[in-house]
Each structure stands twice: as structure tokens, then as C-alpha cells.
Amino acid sequence: MTTTKSTRRRGAAATAPAESAATPAASTAPAPSPADRRALHRELLYSMLLQRRFEERTAEMYAIGRIGGFCHLYIGQEAVSTGIISQLRPDDYIITTYRDHGQALARGMAPNALMAELFGRIDGCVRGKGGSMHLFDKALGFLGGHGIVGGHIPIAAGVGFAIKYRGGDQVIVCFMGEAAVNNGAFHEALNMAGLWKLPCLFVIENNRYGMGTAVERASAINDIYKRGASYDMPREMVDGQDVFAVRDAAGRAIARARTESMPTLLEIRTYRFMGHSMSDAVSGTYRTKEELESYLKRDPIALLKSRMEEDGDLTEADWTTMDDEIKAIVQGSIDFAENSPEPPIEALFEDVLVDTTSD
Amino acid sequence: MPVITYREALNQALREEMQRDDRVFLMGEEVAVYQGAYKVSKGLLQEFGEQRVVDTPITELGFAGVGVGAAMVGLRPVIEFMTWNFALLAIDQVVNAAAKMLYMTGGQFNMPMVFRGPNGAALQLAAQHSQAWESWLAHIPGLKVVVPGTPYDAKGLLKAAIRDDNPVCFLEGEMLYNTKGEVPDEEYVIPIGKADLKREGDHVTLITHGKMVLVALQAADQLAKDGIRCDVLDLRTVRPMDVDAIAESVRKTNRAVVVEEGWELCGVGAQVVDYVQRTCFDHLDAPVLRVHQADVPMPYAKNLEKAAKPDVPKTIAAVRQVLYLDR
Ligand SMILES: Cc1ncc(C[n+]2csc(CCOP(=O)(O)OP(=O)(O)O)c2C)c(N)n1
Ligand SMILES: [Mg+2]
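On a predicted model such as this, the values are computed, not experimentally measured, just so you know.

**Student:** How would you sum up the overall build of chain A? Please name residues and give values.
**Tutor:** Check the secondary structure of chain A and you find 10 helices and 8 strands. Compactness check: chain A gives a C-alpha radius of gyration of 20 Å against a globular reference of 21 Å for 359 residues, within 12% of the reference. Projected onto its principal axes, the C-alpha positions of chain A cover 60 × 55 × 45 Å. Across chain A, the fraction of contacts at a sequence separation of at least 24, relative to all contacts at a separation of at least 6, is 76%.

So, in C-alpha cells, the structure goes:
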């Protein structure tokens with residue numbers, strides 16, 4: 001791509017790191033002080049636990065009919081959203097799929113606005129127009145919330161194009177499921193991102209299944225990160241239950257995007273603990289109870305918690321305090337949503353088009 | 001007569017046609033191991049094996065094209081879209097390949113294939129998952145577009161679609177799958193392109209198709225309590241459209257309301273109104289009215305969604321208006 005406005009990265013060597021299937025042991029950054037480490041780890045734990053508790057209550061609210069439509073829970077994958085998003089700057093961008101509650105919360109969307117959206121109320125983040133699958137927040141650079149598998153991946157490339165066009169050093173992170181990589185839009189977008197060196201981080205959340213289809217039944221190669229080779233794109237496979245591994249990989253990829261405008265493909269191996277959506281059984285037709293149970297043993301929140309306990313950064317009392325605080329926030333979001341009015345009927349015809357021009 | 005669901009009726013049609021002709025195969029997302037996203041293909045993998053009941057990646061453009069290729073060389077694919085919303089990704093194969101192949105090849109390659117799946121809105125699925133595409137598809141010469149509203153029609157028409165040597169778009173409905181109706185044990189095939197008079201009356205004609213057949217019938221039931229008798233004409237197929245049946249009914253009742261799920265502009269109803277004004281001009285006692293979705297993407301909020309959708313009260317209001325009972 002030739003852009004006249006690019007003020008950065010000029011002449012930056014395209015240092016594509018070697019493909020790596022394992023997460024390198026440690027980042028090269030200097031070790032933080034114990035106090036900083038403790039604060040950071042508590043933030044990560046808080047972010048993940050908020051997602052977990054929020055969605056546990058979401059499932060309840062769905063069961064009693066407060067929430068309708070398709071609703072896809074993120075439970076089990078929280079280390080991915082938190083690990084990646086904790087490395088972003090406020091002016092960076094995020095785009096994702098219909099499985100979007102976790103990333104929205106990790107990005108700082110107010111639980112009240114999120115729950116009200118799930119309830120279809122006027123105080124929801126998109127005024128009740130979108131529901132679970134279509135969370136957006138312009139102020140947070142949160143570009144949705146997209147329902148068509150693969151459809152948002154070229155949009156991410158477009159955001160990357162605009163960042164480069166404007167000469168900025170922001171980054172766009174595009175989350176997707178592993179099943180999306182078989183869709184044409186994935187290849188088209190990654191090819192352009194690779195060709196034009198767009199500052200995109202493509203995050204594949206490989207939770208093993210696209211609905212009821214296991215990855216090996218849908219993809220000609222099972223190590224999905226290797227697909228990055230087709231677009232000459234740095235690529236890594238990462239343990240998605242380990243928030244530190246995710247954070248480290250994200251840090252490397254984001255730095256590459258910011259300073260060299262180099263896109264990266266991360267395959268993050270994780271697992272969804274719930275069914276595909278609220279209408280899908282947790283296990284049964286396509287995965288066994290035994291398989292599910294073996295993955296439940298690597299709950300990302302439990303792993304972080306025990307790591308913090310080992311480091312002496314978290315006592316049982318700390319945990320209870322944090323958990324109680326979060327539960328109260330989530331309850332508050334439910335109360336808020338219950339009290340938020342339905343959108344007025346006039347809203348039906350609002351926001352189809354704007355009536356402005358650039359004149 | 002046995003009473004079965006719309007879902008079971010489709011399942012029977014697929015099973016019978018696959019038994020009858022081993023060139024027929026079913027391909028799509030989750031059709032095999034998962035037994036269908038909406039369980040339409042339940043048991044077919046077990047009966048016919050994985051060569052003929054094929055799970056695909058999420059690759060709509062790809063597997064629609066696989067269907068076209070297989071049809072070019074003699075197979076008879078049934079391509080399932082998990083919903084027609086996702087068929088937008090495949091529309092190039094449907095429109096640019098399947099629909100034009102016969103014409104473009106001077107009659108050498110016909111396309112004996114079916115594209116099928118649920119169409120239209122369900123409940124609170126929001127803008128990207130709540131769209132009725134029949135008017136788009138009906139616009140395309142070279143396609144047939146079938147939109148059954150009852151289990152009986154679903155079975156007979158799917159069998160006809162699979163036997164047809166042309167590409168047929170077959171639009172089902174998520175909200176229809178659980179509806180029940182009588183379906184005979186004996187084999188039957190319903191010809192594509194024939195409307196069905198679902199209810200007889202002489203005051204007004206309700207012209208409809210697909211999921212809206214149930215809405216029109218309910219409206220007709222309620223109107224009957226006020227002594228208003230409706231012809232309910234189910235088009236069943238929107239391309240080709242049974243214009244003779246439309247004209248016959250409207251010449252009898254002199255008034256018509258068209259009820260459809262999709263948007264107003266260039267909708268199926270617009271075409272019906274065109275036929276009616278050309279063929280029944282001297283018979284009309286009132287302008288033909290239309291009931292359709294509000295001209296907006298589908299909102300998520302329950303109250304807004306309800307306001308956006310065509311329904312029984314809106315249909316009744318339109319009928320009363322063409323009868324000049326209300327203004
Ligand atoms: C183009 C398209 N086809 C089909 C669907 C239906 N669908 C929704 S989610 C999904 C599975 C996606 O799996 P994956 O990409 O692995 O993401 P995950 O749900 O596991 O997060 C399918 C088939 C869709 N939304 N869009
Ligand atoms: Mg997946």
C-alpha cells in the first residue's frame with residue numbers, strides 16, 4: 001500500500017519472527033516490582049471474574065425470559081479477552097463476533113449498559129437495537145458484536161487500513177472463532193493485511209468447536225496458526241487458559257503492529273465450558289462429558305487464582321472480598337436493566353439513515 | 001391422517017427422495033453429526049452414511065459452489081443453508097452460477113439442485129439474523145422460489161423441488177418447524193407454481209405465502225366472527241407465481257390484501273398488486289393493501305420487534321380498511 005500520510009514505521013524492517021507453536025518462556029521486559037505485579041494480577045483476576053459472574057447471571061436471566069434471541073456465553077475463555085485487551089491502549093480498536101460479552105467487559109463496557117442491552121432496554125449500549133450479538137461502544141473503540149461468521153474480519157482489515165492511512169500507531173484486534181478461518185472472508189482479509197502490512201492482530205479463539213463441528217472435521221490443517229504462513233504473517237499458538245501466556249503473545253504482536261505495522265495471527269487454544277448458545281446442550285451429540293470435565297480442570301480463573309496464592313498475592317479473604325464486590329456489581333446491573341424502560345416505539349424508525357452530508 | 005410437524009414433513013421428503021434416487025445428497029453445516037441445526041436432517045446420516053449426508057465447514061460460498069459443480073455433472077444436490085441470512089455469502093453461486101447456467105450454456109447444463117433452509121425472522125434474533133429473502137430471489141430469472149407454509153405443502157413441494165431439473169430455492173421457517181398439520185402416509189408430490197386456496201370466503205382475498213399463511217388464517221378466523229369471509233390464497237411458490245389463481249379469487253371478492261414477511265419496497269406484494277391491477281382492474285372495489293415488515297432492519301428489543309413484524313392485528317386492520325369498515 002502506498003500512503004502519503006504515513007508518519008511512522010517508514011523503513012521499518014519487516015522482521016517476521018519465526019513461526020512458534022509454543023509460547024516463549026518469558027517476555028523480555030524487566031521484571032515488575034512485587035507491588036506492581038500484585039496490582040496487575042489483581043486487575044487481571046478482577047477482569048476475568050467479572051466476565052464469569054456476569055455471564056452466570058446472564059444464563060439465569062435467559063432462563064427466566066429476561067433475555068431472548070441467540071445468546072452465546074464466553075465462560076471458559078476469559079483469559080483470552082483479558083490477556084489480549086489488557087495490553088491495549090484506550091485508543092486502540094476491537095472487533096469481534098456474536099460471542100462478545102467477555103470482550104466488552106474486559107474493554108470496560110459498563111455492566112449496566114451491557115445487561116440493559118441483553119434485556120432489550122433503552123439504556124443498553126445500542127439502545128436495545130442489537131441484543132447479545134451486537135454490542136458496540138464507540139467511546140471504547142469497541143466495533144462490535146457481529147453475527148455473520150467471518151463477516152467482521154475484512155472490516156478489521158479496513159480499520160487497519162484507516163489507521164495506516166491516517167498515520168496513527170493504533171492497533172485493531174480482531175477476535176474470531178476457529179471455525180471462521182474456513183470462510184472466504186478470512187483469507188481475503190488476511191491476504192490484504194499481509195500484503196499491505198496493516199496493523200491488525202487476528203486472534204483466533206480455538207475452542208475446538210464451531211457449533212457442533214470439531215476443528216479437525218472442518219479444517220484441512222489442525223494447527224490453525226500455520227495458516228499465517230500463506231500471508232507471510234507472524235504467527236503463534238498460545239495456551240488460552242493461561243492469561244500470562246496470552247498477555248505475552250499479545251504484547252509481542254501489538255508491539256509489532258504499532259512499530260512495524262506488521263499484522264499477526266495468534267491461535268489461542270481454549271475451550272468453551274457451556275453449549276454453543278443457550279439452546280445447545282453443554283455436552284452430548286458432539287462432545288463427551290468426559291472431554292468437558294477434563295477441560296474444566298484448566299479453568300483459567302482457577303489457574304490464575306492459584307498462581308496468585310502461590311505468589312502470596314491473594315488470600316482467601318481477598319478473593320471473597322473481590323468476588324462479593326463483583327457479585328454486587330452484577331446484581332446492580334440486573335436491577336438497572338429491570339428498571340430501564342423499553343425503547344419507545346418511535347425508536348423503531350430511528351437510525352436507519354442519517355440526514356447529514358459532508359457539505 | 002397422521003399429524004406431524006413441518007420439520008418431520010421435510011425430513012420425510014428428504015428421506016424418501018434420497019431412497020428413490022441415489023444421486024440426491026444433502027450438504028451443509030451441521031446436517032450430519034449434529035442432526036441438523038434445526039434437526040430437519042435427523043437420522044439421515046445414520047440411514048444414508050457420510051457420503052450422502054455431508055457436514056461442511058462454515059463455507060457457504062464454497063459448498064454452494066460444490067453443489068453447482070456436482071449438479072453440472074449429474075448429481076442432484078440439496079444444499080442446506082443453516083439460515084438464508086448466511087446464504088448471502090453464497091449468493092454469487094446461486095445467482096451468477098446456478099440461475100444462469102442453462103441459459104448461458106445454450107441449454108447444455110441444467111441445474112437439478114435445491115438450496116434450502118429457514119428464512120425470515122424468528123424471535124429477537126436482531127438485524128443480521130431476521131431477514132426474509134423471497135423477493136430478492138424471486139427477482140432472478142432461472143430460479144424457482146418455493147415458500148411453503150404448512151407441513152403438507154412442505155413435504156409435497158420439497159419432493160417436487162428435488163425432482164425438478166432446475167435450481168429451486170426452498171424457503172422454510174424457524175418458527176414453522178414445530179407447527180403441525182395432516183400429512184398422508186401415501187406418497188404425493190405438489191407441483192411447483194400452483195397456489196392453494198386455504199380458506200374460502202367471498203368478501204376479501206388474503207394473498208400470502210410462507211409463515212404468513214398462518215397469520216392470514218388466524219386473521220380470517222377472527223374476521224369470521226364479525227361475519228367477514230376471507231379467501232385465503234397461499235401462493236406456495238412465488239416464482240413462478242400462480243397469477244390465474246390470484247385473478248380468479250380477486251374477481252370473486254373484488255378486494256385484496258397481500259401479507260408477506262419481508263420489506264415493502266419491491267416486495268412480493270408489489271408484484272402481486274401489479275398482476276391484480278392489470279388483470280382485475282374492473283373488478284376492484286378498493287385499492288389493494290399490503291401488510292409487511294416495517295421498513296427497518298429488525299430490532300432486538302421485544303416491543304420494537306413486535307411493532308416491526310406483520311401480524312394478525314395488522315392484517316385485520318388492512319382487511320377492514322379494504323372493506324371500508326374502518327378508515
Ligand atoms: C456465515 C455464517 N454461517 C453460519 C452461521 C451460524 N453459526 C453461528 S456461530 C457458528 C459456529 C462458529 O464457530 P467458531 O467460529 O468456532 O466460533 P465459536 O462459536 O466457537 O466462538 C455458526 C455455524 C453464521 N452465524 N454465519
Ligand atoms: Mg469455536
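More follows now that the structure is in view.
**Student:** An account of the overall build of chain B is needed here, citing residue identities and associated values.
**Tutor:** Broken down by element type, chain B carries 12 helices and 14 strands. In terms of overall dimensions, chain B has a C-alpha envelope of 60 × 45 × 40 Å along the principal axes. Taking contacts inside chain B between residues at least 6 apart in sequence as the whole, the part at least 24 apart equals 79%.

**Student:** Any details on the site of ligand 1? Residues and values, ideally.
**Tutor:** Neighbouring residues of ligand 1: 20 residues in total, closest A:Val149, A:Gly177, A:Ala179, A:Gly210 and B:Phe86. More than one chain reaches ligand 1: its neighbouring residues belong to chains A and B. Residue classes in the shell around ligand 1 are distributed as 10 nonpolar, 6 polar and 4 charged.

**Student:** Let's hear about the interface of chain B and chain A: which residues, and what values?
**Tutor:** On the side of chain A, 34 residues touch chain B, which itself brings 26 residues to the contact. Element by element, the count of residues in the side of chain B that touches chain A is highest for helix H11 (residues 302–308) of chain B, at 5 residues. Classifying every residue of the side of chain B that touches chain A gives 17 nonpolar, 6 polar and 3 charged.

**Student:** Quick one: what's the story with the sheet that holds strand S7 (residues 168–172) of chain B, residue by residue and with numbers?
**Tutor:** All names here are of chain B. Overall, mixed pairing links the 7 strands, which are arranged S3-S2-S4-S5-S7-S6-S12 in an open sheet. Two strands close off the open sheet at either side, each with one partner strand: strand S3 (53–55) and strand S12 (237–239). Pairs of neighbouring strands in the sheet enclose a mean axial angle of 20 degrees, with direction left out of account. Examined bridge by bridge, strand S5 (residues 114–118) and S7 share 5 bridges and lie parallel to one another. Considered in S7, the bridge of arginine 116 is made with phenylalanine 170.

**Student:** Give me the packing of helix H1 (residues 34–63) of chain A against helix H9 (residues 300–310) of chain A: which residues, what numbers.
**Tutor:** The angle between the axes and the distance between the axes are what describe a pair of packed helices. Residue and element names in this part refer to chain A. The contact between H1 and H9 brings their axes to 10 Å, and the two run at 155 degrees. Taken as axis vectors, H1 and H9 run roughly antiparallel relative to one another. When you trace H1 past H9, the crossing you get is left-handed. Judged by residue contacts, His41, Leu44, Leu45, Met48, Leu49 and Arg52 of H1 engage Pro300, Ile301, Leu304, Lys305 and Met308 from H9. Classifying every residue of the contact of H1 with H9 gives 8 nonpolar, 1 polar and 2 charged.

**Student:** How would you summarise the nonpolar core if you had to cite specific residues and measurements?
**Tutor:** Residues A:Cys174, A:Leu201 and B:Leu206 are the most contacted members of the largest nonpolar core, which totals 186 residues. Taken domain by domain, this core gets at least three of its residues from each of domain 1 (3–182) and domain 2 (196–322) of chain B. Beyond its immediate sequence surroundings of up to four residues, A:Cys174 is in contact with A:Ile95, A:His152, A:Ile153, A:Ala156, A:Cys200, A:Leu201, A:Phe202 and A:Val203. A:Tyr98, A:Leu348, B:Leu125 and B:Met298 belong to the second largest nonpolar core, which has 11 residues in total.

**Student:** So what's going on with the packing of helix H3 (residues 60–72) of chain B against helix H4 (residues 91–98) of chain B? Which residues, and what values?
**Tutor:** All names here are of chain B. Where H3 contacts H4, the axes come no closer than 8 Å and their chain directions differ by 30 degrees. When the interaxial angle is binned, H3 and H4 end up roughly parallel. Across from Leu61, Ala64, Gly65 and Val68 in H3, the residues of H4 making contact are Asp92, Gln93, Val94, Ala97 and Ala98. The class makeup of the residues in the contact of H3 with H4 is 6 nonpolar, 2 polar and 1 charged.

**Student:** I'd like a rundown of the domain arrangement of chain B, residues and numbers included.
**Tutor:** Residue and element names in this part refer to chain B. Once the domains are mapped, chain B shows domain 1 (3–182) and domain 2 (196–322). Distance between the C-alpha centres of domain 1 and domain 2: 26 Å. Opposite the 25 residues of domain 1 that make contact, domain 2 presents 23 residues. Contributions of two or more residues to the side of domain 1 that touches domain 2 are made by helix H6 (134–138), strand S6 (144–146) and helix H7 (151–163). Counted by class, the side of domain 1 that touches domain 2 contains 14 nonpolar, 8 polar and 3 charged residues.

**Student:** Hey, could you go over the sheet that holds strand S14 (residues 289–291) of chain B for me, with residue numbers and the actual values?
**Tutor:** Residues and elements named next belong to chain B. The 5 strands are arranged S9-S11-S10-S13-S14 in an open sheet whose pairing can be described as mixed. Taken across any chain shown, the strands that pair with only one partner, and hence form the sheet edges, are strand S9 (196–199) and S14. The sheet shows a mean angle of 25 degrees between the axes of neighbouring strands, direction not considered. Where strand S10 (residues 204–208) lies against strand S13 (residues 256–259), 4 bridges are found, and the strand directions are parallel. Bridging across to S13, isoleucine 207 finds its partner in valine 258.

**Student:** With reference to specific residues and values, describe the environment of A:Val246.
**Tutor:** All names here are of chain A. Tracing the chain through its elements places valine 246 in helix H7 (residues 243–260). For valine 246 and alanine 347, which are 101 residues apart along the polypeptide, the C-alpha to C-alpha distance reads 41 Å. Discounting chain neighbours no more than four positions away, the residues touching valine 246 are Ala79, Val80, Gly83, Ile84, Val238, Gly240 and Ile268.

The rules behind the values
- Residues numbered from 1 in each chain as written.
- Chains lettered and ligands numbered in written order.
- Predicted model: local features only at pLDDT ≥ 70, side-chain atom pairs only at ≥ 80, totals over all residues.
- Helix = DSSP H or I, 4+ residues; strand = E, 2+ residues; numbered from the N terminus.
- Rg over C-alpha atoms; globule rule 2.2 N^0.38 Å.
- Contact = placed C-beta atoms within 7 Å.
- Near = placed C-beta within 6 Å.
- Nonpolar A, V, L, I, M, F, W, Y, C, P; charged D, E, K, R; others polar.
- Pairing = 2+ DSSP bridges.
- Axes fitted to C-alpha atoms, helices over the stretch in contact; angles between N-to-C directions.
- Parallel < 35°, antiparallel > 145°, perpendicular 65-115°, else oblique.
- Left-handed = near helix turned anticlockwise from the far one by under 90°.
- Core = buried A, V, L, I, M, F, W, Y, C linked by C-beta atoms within 7 Å.
- Buried ≥ 20, exposed ≤ 12 C-beta atoms within 10 Å, placed from the backbone.
- Domains from an automatic or database assignment.

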